[in-house]
Every structure is written in C-alpha cells, then in structure tokens.
Amino acid sequence: MATNREWVFKSRPGPKGFAPSDFELRACEVPSCGENQVILATHMMSMDPTMRNAMAGEDGAARTQGSQYWGFMNWPVGSVPTWRICGVVRESKAPGFEKGDLCLAMVPWRELNAVDAENLRKVPEGLTPSACFSCLELTAQTGYCGVKYVARPKEGDVAYVSGAAGATGLIACHTFKHLGCRVIGSAGSKEKVEMLKSQGFEAFNYKEEPVIEGLKRLCPDGINVCFDNVGGETLEAMLDMLNDGGVVAVCGAISEYDTRPAQRRGVRNLFQAVAKRLRIEGFLLFQFTPEELQDCQDTMTSWLKSGKISDCSTFVDGFENLPEGILGLFKGSNIGKMLVRVPLESTAGYGK
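Residues numbered from 1 in each chain as written. Predicted model: local features only at pLDDT ≥ 70, side-chain atom pairs only at ≥ 80, totals over all residues. Heavy atoms only, no water.

Per an unreviewed UniProt entry, the protein chain carries the name Enoyl reductase (ER) domain-containing protein and comes from Cladocopium goreaui.

(A) The packing of helix α4 (residues 138-151) against helix α5 (residues 167-178), seen in detail. As a packed pair, α4 and α5 sit with axes 7 Å apart at the nearest point and diverge in direction by 40 degrees. As summarised for this structure, α4 and α5 are arranged oblique, according to the angle between their axes. The handedness of the crossing between α4 and α5 is right-handed. Across the interface between the two elements, T139, A140, T142, G143, Y144, V147 and A151 of α4 pack against A167, T168, I171, A172, T175 and F176 of α5. (Axes fitted to C-alpha atoms, helices over the stretch in contact; angles between N-to-C directions. Helix = DSSP H or I, 4+ residues; strand = E, 2+ residues; numbered from the N terminus. Parallel < 35°, antiparallel > 145°, perpendicular 65-115°, else oblique. Left-handed = near helix turned anticlockwise from the far one by under 90°. Contact = heavy atoms within 4.5 Å.)

(B) Region of interest: unusual backbone geometry. At N36, a residue that is not glycine, the phi angle is positive and equals roughly 60 degrees. Inspection of the secondary structure puts N36 in the loop between β2 (23-27) and β3 (37-47). On the accessibility criterion, N36 (38% relative accessible area) is partly exposed. Within the chain, R277 stands out as a residue other than glycine whose phi angle is a positive 55 degrees. Residue placement: R277 occurs in the loop between α9 (271-275) and β13 (279-282). Residue classification places R277 among the exposed residues on the basis of a relative accessible area of 56%. (Buried < 20%, exposed > 50% of the residue type's maximum accessible area, 1.4 Å probe, protein only.)

(C) Looking closely at the packing of aromatic side chains. Here the structure, examined in full by the defined rule, presents 15 aromatic pairs. Their ring planes at 85 degrees and their centres at 5.0 Å tell us that Y69 and W70 sit as a pair that is edge-to-face. Looking at Y69, the relative accessible area reads 16%, which means it is buried. A network of ring pairs unites the aromatic residues F9, F18, F23, F72, W75, W83, W109 and F330 as a single cluster. The lysine or arginine in question, K122, covers the ring of F97, its NZ or CZ lying 5.3 Å from the ring centre. In this arrangement the basic side chain of K177 is found over the ring face of F201, its NZ or CZ atom lying 5.6 Å from the centre. (Phe/Tyr/Trp six-rings, centres within 6.5 Å; stacked < 30°, edge-to-face > 60°. Lys NZ or Arg CZ within 6 Å of the ring centre and 35° of its normal.)

(D) Representation of helix α8 (residues 232-241) in the model. In terms of burial, α8 is a largely internal element, eight of the ten residues being buried. Every buried residue of α8 is listed here: G232, T234, L235, E236, A237, M238, L239 and M241. Residues of α8 that are buried make contact with β8 (158-161), α7 (211-218), β11 (223-228), β12 (242-250), α9 and β13.

(E) Just the side chain of S162, in detail. Its place among the elements puts S162 in the loop between β8 and α5. Overall, S162 belongs to the buried group, its relative accessible area being 0%. A polar side-chain atom of S162 sits 2.6 Å from a polar atom in the side chain of D228. If we ignore the near neighbours within four places in the chain, the residues touching S162 are S186, F227, D228, N229, V230, T234 and M238. (Polar contact = N/O pair within 3.5 Å; in protein donor to acceptor, adjacent residues only side chain to side chain.)

(F) Structural view of the pairing of strand β4 (residues 82-92). Of all eleven residues making up β4, eight are buried, and the element is well covered by its neighbours. Pairing of β3 with β4, which is carried by seven bridges, proceeds in the antiparallel orientation. For M44, the partnering residue across the bridge sits in β4 and is C86. Relative to strand β5 (residues 102-108), β4 is paired through seven bridges, and the arrangement is antiparallel. For T82, the partnering residue across the bridge sits in β5 and is P108. (Pairing = 2+ DSSP bridges.)

(G) Structural detail: the state of the cysteines. For the structure on display, the rule yields zero disulfides. Take C173: it sits in no disulfide, and the sulfur closest to it among the cysteines is that of C181, at 11 Å. Using a relative accessible area of 0% as the deciding quantity, one classes C173 as buried. There is no disulfide at C312, and the cysteine sulfur nearest it, in C135, is 8.5 Å away. Overall, the relative accessible area of 13% leaves C312 in the buried class. (Disulfide = S-S within 2.5 Å.)

(H) Looking closely at a nonpolar patch on the surface. On the surface, a cluster of nonpolar side chains totalling about 220 Å² of accessible area is made up of V267, L270 and I280. Structurally, the position occupied by V267 is in the loop between β12 and α9. Overall, V267 belongs to the partly exposed group, its relative accessible area being 33%. (Patch = residues over 30% accessible without salt bridge, like charges linked within 9 Å, V, L, I, M, F, W, Y side chains within 5 Å. Areas by Shrake-Rupley, 256 points an atom, 1.4 Å probe, with all protein chains shown as cover. Salt bridge = Lys/Arg side-chain N within 4 Å of Asp/Glu carboxyl O.)

(I) Quick peek at the packing of α4 against helix α10 (residues 290-306). Running from amino to carboxyl end, α4 crosses α10 at an angle of 115 degrees, the nearest separation of the two axes being 10 Å. As the angle between them shows, α4 and α10 are arranged roughly perpendicular. The handedness of the crossing between α4 and α10 comes out as right-handed. Facing α4, whose interface residues are A140, Q141, Y144, C145, K148 and Y149, α10 presents E292, L293, D295, C296, Q297, T299, M300 and W303. Split into classes, the residues belonging to the contact of α4 with α10 amount to eight nonpolar, three polar and three charged. (Nonpolar A, V, L, I, M, F, W, Y, C, P; charged D, E, K, R; others polar.)

As structure tokens, then:
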C-alpha cells in the first residue's frame, strides 16, 4: 500500500537563523487522481535563498500593503510550503501525460501530489531535471533577465557578480560574458573560485580577501555594472568601485537574511549613488514581459544545447533530508543549483 509524507513549516527561525527543527516531517493522506490530473511523485526539489524570507514572517521586512512579493513570500506557521519541484507521473487521467513522464510543477512539499494538467510542464526531451533547474528554470531566468533587461550592459563593460558560484549568479556571469563583458565574480571557497575560473571568469574568495580589496586588485580602473546577490558590505564595495553612470541590478541580500532588522548594517555610502549618478534597481522575475521571458527561454536553451552553459548542481539525497538541503544552501555548501533529490524508485509501487 502506498504511503505519503509532507514537510510542515513548524516554527520561524530564531536569533541564530534557520535550523532543521523549524520543519517537521509527518505522514499525510495519499492523494487520488481526478479527471485531468496526474499523481506526481517528487523527484527533485528546488532550494532557493529567497525561501528564507518566506520563513521570516513579520521579521522579514516592513510589509507594505499590496506588495506582490511579500504577499506570496510569507509562509504561515503550520503550513506545507509550496515550491518548485520535478516529479515523475505515477498515474494519469490527463490527456498528453503518461506514467513515467518527468514534469515540472509548483506543488506542496509532499512525496505525492495530485496536480492539474494545466499546472504541469514536461521536462524537455534530451534534458535532465537538474539541467532544467540550473539552466532553464526560475533561478536561471532570474540571472539572464536581471542582466539583460535590468543591468543592460554594453559590450566591453567590466561586470561584477556577487554570489557568483550560486545558481543565479553563475547564469548572470555567463549572460554578461555572452553579451561581451569582462566578468569578475566572488565566491566563498577555493573550490568555487576554481570552478568560476574554469568557466572563463575572473574570481576571488571574499572570505580570504575583502570584496573591496579584490575589486581594487582586479579592477583598478573601476567597474561599470554589477549583479548583487549579497547586499550589506558587498553592496557598499560595489558603490565605491562603480564608475560614473554605473548600474547595480539588485537580486538578493543573502548576507542579511539571518540578521534581525535592528542589527542590519544598512548601506553606509549611499551618497555614491548621487555623486556618480548610479542606477540601483531591484527586480523580480514576474515583472518581465512574455516576450522577454520567451527570449530568455529560447536563448538559454540554445546556450545549453551548444555547450555555452552546462548543468552545475549540488544534491542532497532523500526526501527526509530536505532541511539539510536548506541549511546547506544558507551555509554556502552548494556549487551551482542546490537540489534535494528523491530516488525515482522510492514510490514506484504507486498505481500498480
């Protein structure tokens, strides 16, 4: 007989940040397959830094009424979070979907879900699920669109990406490079720095060399455009190093996600934005037009098939180890995309 389990968001992270005990694994009902639905067995689960904001509740930020981001990114305690996964179809009552199909969907963190066909997208033929997550899905789209449509670099620009060895940062680096920029990235380990260099980027370890010093060493004449995933002191270094008319595309601020609002350092050199006439622009993926997103999908697929980009993923195995995947992401143990992976055969008996 088939069984099912789900992850419940049990408590908001305390002063020391996220802990595995903030989630609880429990048994739940096995879903039945309705008309135009499939039973989707979870195979890979996307781990993303912005999930930390959803855990924070009112400590995350002062929410303004009508904020689209904070309206979605706020997990109630006691809920089963809904996030992006890849699953395998175990039963289908939906035309066009058969048992064994690999599909992408936004569903609750359960081993088995009943999913409407309209909310499914098949993994493209010839691609692995991890390649979809690292090169074509939401984090990759964020890196590409943030660079092309927010940073808007010019050929010959010197570009800097913080958090460059993560899923979004790595795609941002590739996008800058393919748009004709010289690219510098920072990361937090020797292994990550070597990976970035192997892919054609200049890089330094911010744990061994302060960001401002690394940028001064590699870019003594300054930088033109930045893609920031880190915030805090790193953003301050960007503002100091940017040349007149420079741009910062602000994607995230992971350095502050585990810091209470009253303890956050803020940006202490914001006048640089005035003195240098800088453009500092935050963005979210849902702001881009259908045409821009289609350009992203077409271009990234082409780059992936031609070898200009490649799958770069880190795995934590086992549905029961999901909190370790989240913790590893926040500790920076991943290179590229962080994924929790569930063996395909783990629910193979369902529907037989």
